[in-house]
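# Architecture and fold: a report
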2 protein chains.
Amino acid sequence: MQKIIARWSVLILAIISTNVIAQNKSGESVLFTTSISEDATPAVLARIMVADKEPISEIKFEKGTYHFYPDKAYERFTRISNHDDVMAKTALPLLGFKNLTIDGQGSTFIYHGRMIPFLIEGSEDITVQNVTIDWAMPFHSEGTIVANDEKNNTFDIHFSDEYPYEIRNEQLIFLKEYYEHDLGQSILYDPKREAIAFDTESYTSITTVRNLKVQHNVDKIKYKYKVDPRSKAEKVRGKENNLKVVEIEPGTVRIYNHRKKLPPVGMIMVCKGDQSLNRLAPAFRITGTDGFNANNVTVHHAGGMGLIAENSSDLILDGFHVKPSHGRMVSTSADATHFVGCRGKVVLKNCTFNNQLDDATNVHGTYQEVIDVLGDNSIGVRMGHAQQQGFAIGKVNDTIGLVDLQKSFFGYDHLTLKSITPINGRYQIITFNENLPSTLKVGDLIENLEGYPDLLVQNCNISRNRARGLLISNPKKTLIENNFFSTEMEAILVPVESSHWFESGNAANLIIRNNTFQDSQHSGFDRGVIRFVTDDDNNNIAFKNIRIIDNEFNQFDNMILEISNVDGLLFEGNTITNSGTFPMLHPDNPAIKVKASKNIVFKKNEYKGKAKNILETDDSLPKLKFR
Amino acid sequence: MQKIIARWSVLILAIISTNVIAQNKSGESVLFTTSISEDATPAVLARIMVADKEPISEIKFEKGTYHFYPDKAYERFTRISNHDDVMAKTALPLLGFKNLTIDGQGSTFIYHGRMIPFLIEGSEDITVQNVTIDWAMPFHSEGTIVANDEKNNTFDIHFSDEYPYEIRNEQLIFLKEYYEHDLGQSILYDPKREAIAFDTESYTSITTVRNLKVQHNVDKIKYKYKVDPRSKAEKVRGKENNLKVVEIEPGTVRIYNHRKKLPPVGMIMVCKGDQSLNRLAPAFRITGTDGFNANNVTVHHAGGMGLIAENSSDLILDGFHVKPSHGRMVSTSADATHFVGCRGKVVLKNCTFNNQLDDATNVHGTYQEVIDVLGDNSIGVRMGHAQQQGFAIGKVNDTIGLVDLQKSFFGYDHLTLKSITPINGRYQIITFNENLPSTLKVGDLIENLEGYPDLLVQNCNISRNRARGLLISNPKKTLIENNFFSTEMEAILVPVESSHWFESGNAANLIIRNNTFQDSQHSGFDRGVIRFVTDDDNNNIAFKNIRIIDNEFNQFDNMILEISNVDGLLFEGNTITNSGTFPMLHPDNPAIKVKASKNIVFKKNEYKGKAKNILETDDSLPKLKFR
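Rules behind the numbers
Residues numbered from 1 in each chain as written. Chains lettered and ligands numbered in written order. Predicted model: local features only at pLDDT ≥ 70, side-chain atom pairs only at ≥ 80, totals over all residues. Heavy atoms only, no water. UniProt positions renumbered as here; feature names shortened; annotations may be inferred. Helix = DSSP H or I, 4+ residues; strand = E, 2+ residues; numbered from the N terminus. Pairing = 2+ DSSP bridges. Axes fitted to C-alpha atoms, helices over the stretch in contact; angles between N-to-C directions. Domains from an automatic or database assignment. Contact = heavy atoms within 4.5 Å. Buried area = accessible area lost by both parts, 1.4 Å probe. Salt bridge = Lys/Arg side-chain N within 4 Å of Asp/Glu carboxyl O. Polar contact = N/O pair within 3.5 Å; in protein donor to acceptor, adjacent residues only side chain to side chain. Nonpolar A, V, L, I, M, F, W, Y, C, P; charged D, E, K, R; others polar. Buried < 20%, exposed > 50% of the residue type's maximum accessible area, 1.4 Å probe, protein only. Least-squares fit on C-alpha atoms with pLDDT ≥ 70 in both.

This chain's UniProt record puts "domain: GLAA-B beta-barrel" (unreviewed entry) on residues 141-268 and 379-446 of chain A. As a span, residues 141-268 of chain A carries 3% helix and 45% strand, and end to end its C-alpha atoms are 10 Å apart.

As structure tokens, then:
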């Protein structure tokens, strides 16, 4: 780009102004008043953009309600892990900032359309406090089931004025400011409990897609390289819309061709559009940042996650509250929080993670697949998932593990990182300080062995949401204590998986203590409240040094704990009762299943549940006893 | 981003490697052999990426056929004028190169999927020669009309094995490598003439879209600022698919619900998908580059334009041949060439511009709309068209005209450019060296008065394509001589328009001489072969100093020339005959229409055509005579 600098200097001046907003010195305290509230974007952005010359240490907002529109917002193409690649639009591009506090002083920020309220990159010691984030129109839609008809296999949904729609060729499209979505991913909420409906898996998702019938010569399209069948381009092939939607009166539509049980009258159908299109406006995007604090922050909604952090360290969320507004069932449309490749401390304390449409948190690294051996110390790697495109696996000199998951969940060797050259979203060239071992082969995975945190989840309320509570893929150290869980799927899921999400990290040194688990897995899956699982079906050890102590499980169904591929687990001092909240869905289940594990100890637990067999084990521990 | 440099140095190393590939010194000559032909991308890219350390003066290819795949290609989000914003993938990111020649030595480069063969930015003195560019699977599709049925209002199209498809909910989708398109924009080709079918406007476009019937509460969505009804997000609202497509035997589909006349059997239906999705892979993208030569280059296809140049100077195309391969009707899916904001010399000589689906060339600047007055010397401007997002209007110190098109086609004042700060694709802040005049107001337009070239179009064959031959919005100097034209619409269109494309430039100093015009406007429009037009309906002068001399018009229909809003036009020494090639479509037309003009002179022309009135004028020149 040097020639552009020389000869097209206007262009470059622009690039400097907007892409390199660095601010390193202590600076002034800026106060915005409600005079900018109709569209706060231009004024806030204008101040941010001169911060390299006029440093800022603090930005305060007079208490009030501020609207932020995208029309005059800073924009940049941005890849965000576990989100879609987006043209990020923000009033707060905190790129290269240091020692900055943003204090809403109790203000509410209302966003319009596809914006990212806080875009924090390459920064240090950023604090955001005393602010509430919401959207004028949510990225999802909610309607009440008002009728169903077994004979004709239809059901009717009524949408309030908050959810404008149109019907295109029998398909329901929800129209928003600068955005739209179809039914896509859907689930039922129970308005009485303001939580995911009991047994919703019998009714949802709505079956929006089916295989189509007419294809011609499609087998003549040959790809030279592996393609991702879940990519936007590929996933639509061979599929067509399954549903037929007809408006029966203004605001009420009838759905034909649903293939699961008809949703019960009175439940709320929540829908957020297609999976590959609906994660585009997280409330906080943090990457390459060391030191981030959120204190007394409420996120009522986001079109994606409440907070997604990548390759950052020392992230402290104290009083970070994800919960819905305006009587809606749903808060954020994806995870409340999510941490990828983060290190140092990650703390979630005194938080609320309610009603979001995915996990409360997910802490993991990233696997990348070796597809080329390019030289003595250089490989070409492929990003397995479309929402990991462009991800940088680490920093210079980080220790990178080489993994063959068929053989072991732990690396067979390691190297240290010299450089990453991103060629495109899916492909990077990685160079190491050392020569490659002869054992390295195409098809192996790499993971960063340092990109994991000391994780604390403490005094949090994790409930009323779709999916899991905590997804823990953290081999360093995790303490989960004094939390309340009531989640649709697992309260705590501890996985190793590579085949779909390519999320790395074999949990170890995990303590789960003094928590209350209330009626998780109520959507109908036959799974434990706490579950260790690998998606490679073998008996290798994946998880080590786990302690589950002094918890209370008050569960409507039998299954509490699934242990698989674990070496060293102490389950002590826990109390297990049957809540009677819902009918049991899997009454023949034991309370605990163990397979392919060793050094599992049960001590001083109290079982007051209804399982006929408390403990079921495989050949790995035939003599194990529940105590 | 400075913090990222310090603490996430791996990331930055990557950015340096791929975004700033500068090469300024004279360097080595590199030869690639056919050993890399199966996928030449990684080897070519690897050499390009080290050119900052190991300079290259020449890249030669052993004569052969080279395939280029996107999987390991350099990728970057790229805004391209008159194209869709794309994730550009290329093996040849010539960013900041100087004095480089790429010589195919007669080779053919075959591209797979969404790639840009030559991505040339911020460079100087680049030459590309002796190479043929084609795609393995084209971005458009062609099928033969094999039947039509007036009674049921259907017609049948047969597609060869080259065009795999599937039918989704009665909609025809053409599947390609890494891409797909629907019917979208369509037109008929006549296989006997290998040109756009006579009177195709009676049959096409196929009416793929209609207004939908059910909308609810859509009026509750209020936008604070102007939105573009043609943007991707907005254009789909209120519309649904109109056609029903059924496969009647493998490879042959029946189309229902067409609203124009049924296409005649034997014609070729060419379709390229939706207008806002189908311009994503031009063969040459050139921007911010001073000095570009293409010699003996053939472009058989591109998913967009053959060559799109922006903000560049001294572009010489000698023997640049756009023409189809493999018996296809279509070459590039958009314009053969296109020049926006280019200056110095632009030369098209000894070129072929055949069978492309848009103009042979279009030379213009860009209007931007003033939407904010931000200070003494600063304004906020809006890009009117989605395919102009991010466009930089000029360089430091360029003279920028201030225009109120309602009052005059010429600026009422001018300023000189100090800086551009792009905020987002649609919005920029522009600062001038001088204070704004008090006459400047929101709603006015700005244009760069220097961003126009000395244009020469010489010895070119411009025929068999959709749309115009030359679209000239160039106030500097244009010479069009010794060319052959046979185009579906105007051979030469000279417009001023602001309301849709926001393409600036009032043509002046235009010489059209010694050309042959053969049967243009044969698709059915009631327009002249050469046409001056403004889309603001007033009598102001827009065009000056035009000479149309010594040309031959051999036209099946009457209308040769439409003159509007011109001051100074000499029409001399031209011969006009009737070709008899097609039936006349508008037999009552005169040969020449003149309105709102002055200083128009006809001399020594020979009229052998069939018009009853050769010349029709309005009140501006009641006594004008054809001679």
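Having seen the model, we can carry on.
As a further point, take the sheet that holds strand β34 (residues 413-424) of chain B. Residues and elements named next belong to chain B. As summarised here, the arrangement of the 6 strands in space is β31-β32-β35-β34-β33-β36, forming a closed barrel in which the pairing is antiparallel. Mean inter-strand twist for the sheet, computed between neighbouring axes without regard to direction, equals 50°. Summarising the sheet, strand β31 (residues 368-375) and strand β36 (residues 445-448) pair through 2 bridges and their orientation is antiparallel. Each bridged residue has a counterpart across the sheet, and for Glu369 the counterpart in β36 is Leu445.

All names here are of chain A. Domain annotation for chain A reports domain 1 (2-138 + 278-358), domain 2 (141-271) and domain 3 (366-448). Placing a centre on the C-alpha atoms of domain 2 and another on those of domain 3 gives a separation of 39 Å. With 4 residues of domain 2 in contact, the opposing surface of domain 3 contributes 6 residues. Buried surface at the junction of domain 2 and domain 3, summed over both partners, amounts to about 350 Å²; 37% is from carbon and sulfur atoms. At the junction of domain 2 and domain 3, the tally comes to 2 salt bridges. With a shortest N-O distance of 3.0 Å, Glu369 and Lys226 are connected by a salt bridge. At the junction of domain 2 and domain 3, the tally comes to 2 residue pairs in polar contact (both at pLDDT 80 or more). Per-class residue counts for the side of domain 2 that touches domain 3 are 1 nonpolar, 1 polar and 2 charged.

For the rest of this paragraph, the subject is the pattern of salt bridges. All names here are of chain B. Applying the stated rule across the entire model yields 73 salt bridges over all chains. Between Asp156 and Arg254 there is a salt bridge whose closest N-O contact spans 2.8 Å. With a gap of 98 residues between them, Asp156 in strand β11 (residues 154-159) and Arg254 in strand β21 (residues 252-256) connect regions that are remote in the sequence. We classify Asp156 as buried; its relative accessible area is 5%. Classification of Arg254 as partly exposed rests on a relative accessible area of 27%.

What follows covers the relation of the copies chain B and chain A. Rotating chain B by 180° and translating it 0.0 Å along the rotation axis places it on chain A, where the RMSD comes to 0.0 Å. Look at the turn and shift together and you get a two-fold axis relating the two. When C-alpha distances to the rotation axis are compared across chain B, the minimum falls at B:Phe77, with a value of 3.4 Å. When the interface residues of chain B are mapped onto chain A, 100% of them are again interface residues, pointing to one common binding face.

Counting from both sides, the interface comprises 101 residues of chain B and, opposite them, 102 residues of chain A. Note on chain B versus chain A: buried area summed over both sides is about 8,300 Å², and carbon and sulfur give 58% of it. For the pair chain B and chain A, the number of links is 9 salt bridges. A:Asp372 is the partner of B:Lys72 in a salt bridge, and the nearest nitrogen-oxygen pair spans 2.7 Å. Summed over the shared surface of chain B and chain A, the result is 40 residue pairs in polar contact (both at pLDDT 80 or more). With 8 residues, helix α2 (residues 9-19) of chain B is the largest single contributor of residues to the side of chain B that touches chain A. Along the lines of polarity and charge, the residues of the side of chain B that touches chain A split into 44 nonpolar, 26 polar and 31 charged. Two strands pair when backbone bridges link them, and strand β18 (residues 214-216) of chain A and strand β12 (residues 165-168) of chain B are joined in this way by 3 bridges, in the antiparallel orientation.

Before going further, it helps to examine the sheet that holds strand β16 (residues 195-196) of chain A. Residue and element names in this part refer to chain A. Within the open sheet, the 7 strands sit side by side as β16-β15-β22-β10-β11-β21-β20. Their pairing is antiparallel. Each of the sheet's edge strands pairs with one partner strand only, and the pair in question is β16 and β20 (244-249). In terms of strand pairing, β20 meets strand β21 (residues 252-256) through 5 bridges, oriented antiparallel. By the bridge assignment, Val245 is partnered in β21 with Ile255.

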